[in-house]
Amino acid sequence: MTSVHHATPLRRAPVQRRSAERLTRILDACADLLDEVGYDALSTRAVAQRAGVPIGSVYRFFGNKRAMADALAQRNLERYTERVKERLTETAEGSAAGSAKDSAGGGWRVAMDAVLDEYLEMKRTAPGFSLVDFGNQIPLGARHAGPNHRVADRLVHLLSGHLRREPDDDLRRVFLVAVETADTLVQLAFRVDPQGDEKIIEEARELLRAYLGRVLD
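Overview of the structure. None of these values were measured; they are calculated from a predicted model.

## Points about the overall build of the chain
Here's step 1: Helix and strand content of the chain: 9 helices and 0 strands.
Here's step 2: Counting only residues that meet the buried cut, the chain has 44% of its 217 residues in that class.
Here's step 3: The contacts in the chain between residues at least 6 apart in sequence include a share of 68% that link residues at least 24 apart.
Here's step 4: A total accessible area of about 11,400 Å² is found for the chain, and carbon and sulfur atoms account for 49% of it.

If you want it as structure tokens, here you go:
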């Protein structure tokens, strides 16, 4: 079970396993209903019914549906971070076992593929992700700067050691530009095709490689 990060605007953080499990059910129900009915038709009562909990349990954690969407977005970021971390760990273990690729040769390209591919996988499969993402799109269609800054900061923290780079302002700026670029192009790919237009995604991948290669090679 993945917990909600402490920065999530919860009214009250769960302190017991039962409360944590109930919070997980509420967020799972919120995600499913976002896919089924959209944000405008989402209600705390419907979430409570889908989660099988009293309405008071929802209000114990959240004051309104926007707070639920924010918490779901934060959980998405936590799960995304773990997925990228796991993939990079598997790659490192494969290299240690005798892979032809090493951390000095194309390491950032492996990391970039992990970052992009895991994001695409969540776009395609994670309930509610197409609407709330990491917090960019509620109200529906809105694009705010904050979530991409958080994603870039998280990637700097996660990847600086893997890339053997100092996590300084220059690296943060590079990652922010890459995240903003990828975000724009991935959104375009999913507007063209609900599963993500592969040609646009490959163009995005090549663009990111060209930009990051100039900075990281």
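Next comes the rest of the account.
## What to know about the pattern of salt bridges
Pairs may arise between side chains of opposite charge once their charged atoms sit close together.
Here's step 1: The full count for this structure, using the stated rule, is 17 salt bridges.
Here's step 2: R87 is paired through a salt bridge with D117; the nearest N and O atoms lie 3.1 Å apart. One end of the pair, R87, is in helix α4 (residues 65-96); the other, D117, is in helix α5 (residues 107-125), with 30 residues separating them in the sequence.
Here's step 3: Residue R87 is classed as partly exposed on the basis of its relative accessible area, which comes to 26%.

## Points about the packing of helix α1 (residues 17-37) against helix α2 (residues 44-51)
Two measures define how a pair of helices packs: the angle their axes make with one another and the distance between the axes.
Here's step 1: At their nearest, the axes of α1 and α2 sit 8 Å apart, and the two run at 115° to each other. Judged by the twist between their axes, the crossing of α1 over α2 is right-handed. Every residue of α2 that contacts α1 at R25, I26, A29, C30, D32, L33 and E36 is listed here: A46, V47, R50 and A51.
Here's step 2: Residues that form the contact of α1 with α2 fall into these classes: 7 nonpolar, no polar and 4 charged.

## Brief notes about unusual backbone geometry
Here's step 1: Unusually for a residue other than glycine, D133 sits at a positive phi of about 55°.
Here's step 2: By the secondary structure assignment, D133 is in the loop between α6 (129-132) and α7 (145-163).
Here's step 3: Among the residues examined, D133 registers a relative accessible area of 1% and is labelled buried.
Here's step 4: Positive phi values are uncommon outside glycine, yet R164 reaches one of about 55°.
Here's step 5: Note on R164: relative accessible area 64%, which makes it exposed.

## Topic: the nonpolar core
Here's step 1: Core analysis: the biggest nonpolar cluster contains 36 residues, and Y80, F134, L155, L159, L163, F175 and L212 have the highest contact counts within it.
Here's step 2: At the level of elements, α4, α5, α7, α8 (169-192) and α9 (198-216) are the ones that each hand at least two residues to this core.
Here's step 3: In terms of nonpolar packing, the next biggest core, distinct from the first, is built from 25 residues, L23, I26, A48 and V132 among them.

## Quick word on the packing of aromatic side chains
Here's step 1: Scanning all chains against the criterion turns up 6 aromatic pairs.
Here's step 2: Seen from their ring centres, F61 and F62 are 6.3 Å apart, and the 55° between their planes marks the pair as tilted.
Here's step 3: By relative accessible area, F61 is classed as buried at 1%.
Here's step 4: On the accessibility criterion, F62 (0% relative accessible area) is buried.
Here's step 5: Measuring from centroid to centroid gives 5.2 Å for Y80 and F134, while their planes differ by 45°, and the two rings are tilted. Here Y80 is found in helix α4, whereas its partner F134 is found in the loop between α6 and α7, with 54 residues between them in sequence.

## Let's talk about the environment of V132
Here's step 1: Among the structural elements, V132 can be located in helix α6.
Here's step 2: Exposure remark for V132: the relative accessible area of 1% places this residue in the buried category.
Here's step 3: Spatially, the C-alpha atom of V132 lies 8.8 Å from that of N76, the residues being 56 residues apart in sequence.

## Here's the deal with the environment of D113
Here's step 1: Considering the arrangement of structural elements, one finds D113 in helix α5.
Here's step 2: On a C-alpha basis, the gap between D113 and R87 in space is 10.0 Å, while along the polypeptide they are 26 residues apart.
Here's step 3: Residues contacting D113, with those up to four places away along its chain left out, are R87, E118, R205 and R209.

Criteria and thresholds
Residues numbered from 1 in each chain as written. Predicted model: local features only at pLDDT ≥ 70, side-chain atom pairs only at ≥ 80, totals over all residues. Heavy atoms only, no water. Helix = DSSP H or I, 4+ residues; strand = E, 2+ residues; numbered from the N terminus. Buried < 20%, exposed > 50% of the residue type's maximum accessible area, 1.4 Å probe, protein only. Contact = heavy atoms within 4.5 Å. Areas by Shrake-Rupley, 256 points an atom, 1.4 Å probe, with all protein chains shown as cover. Salt bridge = Lys/Arg side-chain N within 4 Å of Asp/Glu carboxyl O. Axes fitted to C-alpha atoms, helices over the stretch in contact; angles between N-to-C directions. Left-handed = near helix turned anticlockwise from the far one by under 90°. Nonpolar A, V, L, I, M, F, W, Y, C, P; charged D, E, K, R; others polar. Core = buried A, V, L, I, M, F, W, Y, C linked by side-chain atoms within 4.5 Å. Phe/Tyr/Trp six-rings, centres within 6.5 Å; stacked < 30°, edge-to-face > 60°.

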